Amino acid sequence: MKELPEKILEKVGKYAESKKFSDYKKQKLIDVVTQGYNQGLVCKGDAMGLIAAQSIGEPGTQLTLRTKHYAGSQEVSVGSGIQRLSEIVDARSFSKHPQMTVYLNKEIIKTKKDAQKFCNNLVYVTADDIGEFQEDFYNRNVVYKIDEQKVEDLFLDKEEIITLIFDSIDGLYTSKRFSGKKTQINFLFDKNTPLYDIRKAIIKWKKIPVSGCKKIEETILSEKENEYVILTKGSNLKEVLKYEEIDSYRTVTNDLAETYKILGVEAARHAVVKYFLQVFEENGIAIDNRHAYLLADLMTSNGLLQGVVRTGITGAKKSPFARASFEETTKHLLNAALNREREELNGIVENIIVGQPINSGTGIVKLTLDPKGFEKMVKAKKKMEEKNK
Amino acid sequence: MISNTKKIRGIDFSVLSPEMIRKMSAVEIVRPETYDKDGYPLERGLMDPHLGTISPGLRCKTCGQNMKNCPGHFGSLELVRPVIYPKYSDKLLLILQTTCKECGRLIANDLEIKDLMKISDDQARCQKEIKNVLKKYKECPHCQAPVRKVVLDKPTNFYIDQERIYPSEILEWVLKIPDEEKFIFGYSEDIKPEWFIVTVLPISPVAIRPSLSLENVITSEDDLTYKLLDIVRINLRLLENINAGAPQIIIEDLWDLLQYNITTYIDNETAGVPPTKQRSGKPLKSISERLKSKKGRFRLNLIGKRVNSSARATITPSLDIKINELGVPQEVADTLLISEKVTFWNMKRLKKSILEGSAKYAITERNLRKMVTEENKKEIAESVEEGMTVRRKLKDGDLVIFNRQPTLHRTSVMGHYVKVVPGKAFRINPIIVGPYNADFDGDEMNMHCPQSEETYAEIKELMSLEKHMISIRHGNPALTPDDYLVTGSYLFTKKDTEFTKKEVMEMLYSVGITELPTADRGRGNYSGKLIFSQVLPKTLNIEYKTKLCKIITQNNLCKKCTKEKCKYDAYFKIENGLLISGHLDSEAAGHKNLFETIYKHYGPESIVDVYYKYAKFVLFGLQKKGLTMSLDEYNASPELKKEITQYARKTITSSNAFVKKYENKTLPLIPGKNLDETFESEIIKLTGEIKAELSERIMKEKLGSILSKTKNLNNNSTLVASIGGSRGKILNVVNMMAFWGQHTIRTGRPKTGFSGRVLSHSQKGSNQIGDFGFVDCNFFNGFPPKEYFFHAIGGRQGEVDTGVATKVSGYLYRRLSNALKDLIVGDDLKVVGADGKIIQFTYGDDGLSPDKAYLGKNINFFDE
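Because the structure is a prediction, the values reported are computed rather than measured.

**Regarding the sheet that holds strand E21 (residues 542-545) of chain B**
Residue and element names in this part refer to chain B.
Here is step 1 of the chain: Strand order in the open sheet formed by three strands is E21-E22-E23, with antiparallel pairing between adjacent strands. The sheet is open, and its two edges are formed by E21 and strand E23 (578-581), each paired on a single side. Strand after strand, the sheet turns through a mean of 15° between neighbouring axes, direction not considered.
Here is step 2 of the chain: Bridging between strand E22 (residues 571-575) and E23 involves three bridges; their strand directions are antiparallel. In the strand pairing of E23, Lys 573 is matched with Ser 581.

**Let's talk about the nonpolar core**
Here is step 1 of the chain: Of all hydrophobic cores here, the largest spans 76 residues; its most connected members are Val 328, Val 400, Met 447, Ile 531, Ile 607, Tyr 611 and Phe 617 of chain B.
Here is step 2 of the chain: Each of domain 3 (310-465) and domain 4 (484-625) of chain B contributes no fewer than three residues to this core.
Here is step 3 of the chain: Those residues in contact with Met 447 of chain B that lie beyond four places of it in its chain are Ser 310, Ala 311, Val 328, Val 332, Val 400, Ile 401, Phe 402 and Phe 426 of chain B.
Here is step 4 of the chain: If you look at the next biggest cluster of nonpolar residues, it comprises 50 residues, including Leu 63, Ile 82, Leu 85 and Ala 271 of chain A.

**Observations regarding helix H5 (residues 112-122) of chain A**
Residues and elements named next belong to chain A.
Here is step 1 of the chain: For H5, the complete set of buried residues consists of Ala 115, Phe 118, Cys 119 and Leu 122. In an axial view of H5, the angular spread of the buried residues amounts to 105°, which keeps them on one side of the axis.
Here is step 2 of the chain: Among the structural elements, strand E10 (218-224) and strand E11 (227-233) are those in contact with the buried residues of H5.

**A look at helix H12 (residues 347-356) of chain B**
All names here are of chain B.
Here is step 1 of the chain: The set of residues buried in H12 consists of Leu 350, Lys 351, Ser 353 and Ile 354. Projected down its long axis, H12 shows its buried positions confined to an angular sector of 160°, all on one face. Facing away from the buried surface of H12 by more than 90 degrees, the exposed residues are Lys 348, Lys 352 and Glu 356.
Here is step 2 of the chain: Those residues of H12 that are buried are in contact with strand E11 (337-341), strand E12 (359-363), helix H13 (377-383) and strand E14 (389-393).
Here is step 3 of the chain: Looking one or two residues beyond H12, the residue adopting positive phi is Gly 357, at roughly 90°.

**Some remarks on the confidence of the model for chain B**
When pLDDT drops low, the exact placement of atoms in the prediction is not to be read closely.
Residue and element names in this part refer to chain B.
Here is step 1 of the chain: Confidence in the prediction for chain B averages 84 pLDDT; 95% of positions are at 70 or higher.
Here is step 2 of the chain: For residues 855-864, every residue scores under 50 in pLDDT, and the model assigns this stretch 18 contacts once sequence neighbours within four places are set aside.
Here is step 3 of the chain: Across the interface, the model reports ipTM at 0.86; the global pTM reads 0.86.

**Considering the domain arrangement of chain B**
Residues and elements named next belong to chain B.
Here is step 1 of the chain: What the domain assignment reports for chain B is domain 1 (84-196), domain 2 (208-306), domain 3 (310-465), domain 4 (484-625), domain 5 (631-800) and domain 6 (824-856).
Here is step 2 of the chain: Taken over C-alpha atoms, the centre of domain 1 sits 31 Å from the centre of domain 2.
Here is step 3 of the chain: Of the residues lining the interface, six residues belong to domain 1; the matching set on domain 2 comes to eight residues.
Here is step 4 of the chain: For the side of domain 1 that touches domain 2, the per-class residue count stands at three nonpolar, one polar and two charged.

**Here's the deal with the packing of helix H4 (residues 81-90) of chain A against helix H26 (residues 785-820) of chain B**
Here is step 1 of the chain: At a closest axis distance of 10 Å, the pairing of H4 of chain A and H26 of chain B adopts a crossing angle of 20°. With respect to H26 of chain B, the axis of H4 of chain A lies roughly parallel. Judged by the sense of rotation from one axis to the other, the crossing of H4 of chain A with H26 of chain B is left-handed. Facing H4 of chain A, whose interface residues are Ile 82, Leu 85, Ser 86 and Val 89 of chain A, H26 of chain B presents Ala 805, Val 808, Ser 809, Leu 812 and Leu 816 of chain B.
Here is step 2 of the chain: In the contact of H4 of chain A with H26 of chain B, the residues fall into seven nonpolar, two polar and no charged.

**Concerning the interface of chain B and chain A**
Here is step 1 of the chain: Opposite the 76 residues of chain B that make contact, chain A presents 81 residues.
Here is step 2 of the chain: The greatest single-element share of the side of chain B that touches chain A, amounting to 14 residues, is contributed by H26 of chain B.
Here is step 3 of the chain: Class assignment of the residues belonging to the side of chain B that touches chain A gives a composition of 33 nonpolar, 22 polar and 21 charged.
Here is step 4 of the chain: Note that strand E13 (residues 342-343) of chain A and strand E1 (residues 11-12) of chain B share two bridges and pair antiparallel. What sits directly across from Arg 342 of chain A, in E1 of chain B, is Asp 12 of chain B.

**Looking at the sheet that holds strand E4 (residues 157-160) of chain B**
Residues and elements named next belong to chain B.
Here is step 1 of the chain: Taken in spatial order, the three strands make up an open sheet running E3-E4-E5, and their pairing is antiparallel. In this open sheet, the two strands that pair with only one neighbour each are strand E3 (150-153) and strand E5 (163-165). For this sheet, the mean angle separating the axes of adjacent strands, direction not counted, is 40°.
Here is step 2 of the chain: Pairing of E3 with E4, which is carried by four bridges, proceeds in the antiparallel orientation. Counted as the bridge partner of Val 151 is Tyr 159 from E4.
Here is step 3 of the chain: Against the sheet, helix H2 (residues 89-98) engages E3 and E4, with an angle of about 165° to E3.

**With respect to the environment of Lys 207 of chain A**
Residue and element names in this part refer to chain A.
Here is step 1 of the chain: Within the secondary structure, Lys 207 is located in the loop between helix H9 (195-206) and strand E9 (209-211).
Here is step 2 of the chain: Owing to 9 C-beta atoms within 10 Å, Lys 207 belongs among the exposed residues under this scheme.
Here is step 3 of the chain: For the pair formed by Lys 207 and Val 125, sequence separation is 82 residues and the distance between their alpha carbons is 8.8 Å.

**Examining unusual backbone geometry**
Here is step 1 of the chain: Going from Lys 154 of chain B to Pro 155 of chain B, the amide bond is cis rather than trans, its omega being 0°.
Here is step 2 of the chain: Residues Gln 405 of chain B and Pro 406 of chain B are joined by a peptide bond in cis, for which omega reads 0°.
Here is step 3 of the chain: Tracing the sequence through the fold places Pro 406 of chain B in the loop between strand E15 (399-403) and strand E16 (413-421).
Here is step 4 of the chain: With a phi close to 55°, Ala 91 of chain A is a non-glycine residue in the positive phi region.
Here is step 5 of the chain: Inspection of the secondary structure puts Ala 91 of chain A in the loop between H4 and strand E3 (99-103).
Here is step 6 of the chain: According to the C-beta neighbour criterion, Ala 91 of chain A is buried, with 21 such atoms within 10 Å.
Here is step 7 of the chain: The phi dihedral of Asp 161 of chain B is positive, around 45°, even though this residue is not glycine.
Here is step 8 of the chain: Relative to the elements of secondary structure, Asp 161 of chain B occurs in the loop between E4 and E5.
Here is step 9 of the chain: Judged by C-beta crowding, with 8 C-beta atoms within 10 Å, Asp 161 of chain B ranks as exposed.

Parameters and conventions
Residues numbered from 1 in each chain as written. Chains lettered and ligands numbered in written order. Predicted model: local features only at pLDDT ≥ 70, side-chain atom pairs only at ≥ 80, totals over all residues. Pairing = 2+ DSSP bridges. Helix = DSSP H or I, 4+ residues; strand = E, 2+ residues; numbered from the N terminus. Axes fitted to C-alpha atoms, helices over the stretch in contact; angles between N-to-C directions. Core = buried A, V, L, I, M, F, W, Y, C linked by C-beta atoms within 7 Å. Buried ≥ 20, exposed ≤ 12 C-beta atoms within 10 Å, placed from the backbone. Domains from an automatic or database assignment. Contact = placed C-beta atoms within 7 Å. Arc of directions from axis to C-beta. pLDDT = per-residue confidence, 0-100. Nonpolar A, V, L, I, M, F, W, Y, C, P; charged D, E, K, R; others polar. Parallel < 35°, antiparallel > 145°, perpendicular 65-115°, else oblique. Left-handed = near helix turned anticlockwise from the far one by under 90°.

Right, here's the structure in full:
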């Protein structure tokens, strides 16, 4: 008999308390629950891995093919359906629809206006986004003009921004100065500077970051359970975590590889389970969490996030037959020969290939019956019965 | 039985050395011929009898065994000139690039060699390091010869400064390398790089390349034999030319030809080499193609194997077959045999079966098989004694395995009890199509007969249908009545359903209930609810709100819940096995209600019985009551028609406002979106909203008539199906009665097609919603061409999507099962991989199996 897990024991205790059971009655209840729990346990030799694979694979055709959908009225697109599932299972390093959920630190951000301001500031803005470079190639003169409306929309300080841009631009020009009530910057170039070089420099200047985090394209402020949450399109967990205004404990990204890189393997395992189950839930397909746990545990069992691909888990298998029977048959056989590998015949396919009982289910039982000995036993028993008569 | 078999502990992989090939060779092949004129294999030819025998009756000249027992023996062919083994040529390249041609030493000084030795365990790192060291030197540190770059022209030609180096030179070169330095490359005593140059070619046993004899005159050889013939022939020619002192060019050409033939013998798909073809033009099948890919040895013959004792037939539904039974056609039952060991208890029966002719063989303890015939059956029957085995035909009550492909999950293979039936098709109860994903439009399914007692026990305890009533995927019932059964049960248990005494007696008798309940309706009639209750266990208590209840509350028709006194009969309640109010719907069938409760509280035997009776009753009721969709149902009343036109007009007028703003570029932008995107999403939002409004309106109208006391069902069959939860939604009614609304493909409205417009029917540059998939027609009146084409766009997309989805998910499934298949529950609920690595310390964090845990509930760590 296996003892009850703590959580169930706690629940039972609470129930007994609410019904005011005596100690004897409570113990009896625990006994009953323990019995029920033990009946529900998996058996030794159960191929739970294959069952998980079947449970995930079988409803695969029912998943939609839609590559993205919009999360409720909040118009942030996240991947869904079979494509997203395959993205999760492969542990691909770049998600097609990266997205972040940023929770805010309630101590710093109190009002909606604060939240909206921070929300807008998070978007990656370059010099090109809030202004314009006007080129006068004849005079070798370039003017950067800031768009005041755009700056205002982003809750940015005009003065600050223009100084920032002013300071961060350097290189080819001979002189630079503010003009037009500090809304413009004038650059003068030497008459002999090649036009090509000027253009090149401008292209470089256009990319000067003004505010926000790189890779974050859009942000939407929404209200969830009495607090403000920012949903972003594009993901950059490392940079976002540097802000003080956010709640770094709860802020997440839906990019698995990024989660693994920044938060570690346990977080990646958690993320695999979460986003995996999310795909099935969105499509209205019931699936037990345990299958997801097993898959996630396998994917992270080597201390790094490995995908279910030929270069990932299956490729890392020890048995040459198991690898050869999956993909790239000849390559794996040739390498096995070169490295003098030994097929230990521990797995399932390996034993099927050589035609032996497999090491799972009822095949795991090593105890066998000696038919002749058994017959002797039966005969002895018969004799005993006859004697008794 | 298992105790007597030998067990393979492991298989070693390695590269054969030439000495080894010579040692294991049974015969050295010299003649490029196979058979003589009389059809006898030639000595020292490619079909030499020393290579094993493939003709029955002949004995192998090497091992002296017959065809069945001879494992086949390798021969050998001494190549006149060595050739490169193409698959390892890149390994040779590395060696040639980093060693000196003159002295054979690694290009590194002694100190560096010592350092490299230390990291030789990590081959990838070591090889990188070797290359790094190489860059330092322009001449060999040992003999001062200049370092020259070796290039490989794939697959087999090596060059130094555009000058060809031949395999014989390479062989000399590699032999010069000291053993310790080979070790740095990862080679040891057991495997040496010089073995990558073929000097002796192993000739495969005849068993893997049998010759086919057609009409006893013409023999056709295997592809490999043809290839080997070429190799032997060229080898011979090369030898003759060398002996005759032919010019170097001719010898080199022949040498290249030999290399080419050996390359394509191993892999006929090598990049950069033209494939050898048969006379017919079909490429020859090389060794590596035999193993590779889906049609190769591994995936076709080793992972999946063919079996005996199986049958395949079309399936057909039958209500007289219980759900854990399988109707097996007489012909199948007579052909398939199962073994039964004679014991004290079954001796009488088996003797009888021999006399009756239903047993075919009697096998003594010493494994002597006697066939039962008309003449000797009495004699055999008398000789039957304990310990013998009788092979008999299938009979009622035997267990067999039943399967439908694609076998996507474990419930696609289940154990059934045999019931021999006439005809030629398998018969199953229509309730069980779910787990198999079967239908009766011509599906074929497979049956397998257990051939040992172990198998029989496993089928009974692990595979039988009763053990799979709860799906291990989600912990909910695996068998759920759907479509017509749900409709049937709704009609059957509806408030006003009545059956006459005659009908009731027919129903009850068909399932073996002999007790007639007392009539509860006027004129001696019985209510459907009462009859349905006969199916249920007598102590069952259950109550919940039906689907109809939810619809009613959504439409604000019900203010206070009166439970079983509900005037709409929407509260489902069973008291002591008696259905007192409410009707059955998909809620009862699908999710954790009626059937699951019965399973949990009364066990698998009970649910098997309940389902059997339930299906019979419900389909009988459905036959009697019927459900017909009439055209009138979709003909809206004049007032409604007017309203519908108003809705359609409203959509167009309000969309025109958007169109105008869009064209003037005055549309207020949604943050983060540009004008086009804003316009798109506004239109989709608008059309969606109006359609939702309309369907609510129609639902109200329809609901009014279904709940009114006129009992006029004829007009609402679609809604009956919808309320029962079997098929269809109010949306389908809207499409038929009112209008389709906006067509969407993938992400939005149809946008591509002709330049500037989607269809040639619309004007170029128009932004009217009607030109981008908005349809204001309904199925009742029919679609004009433009609308029809929009509909077809959507239809095509659906078709493409299903095709792609099966492909994508099929591959995903294959990868998943390959990665996960070795994970098995070990001691203490641990999950262990094939190499003994622990993946989980407790399965699923609580050790519970999803199908055994109560109601599939699990400890969810996302809860708190």
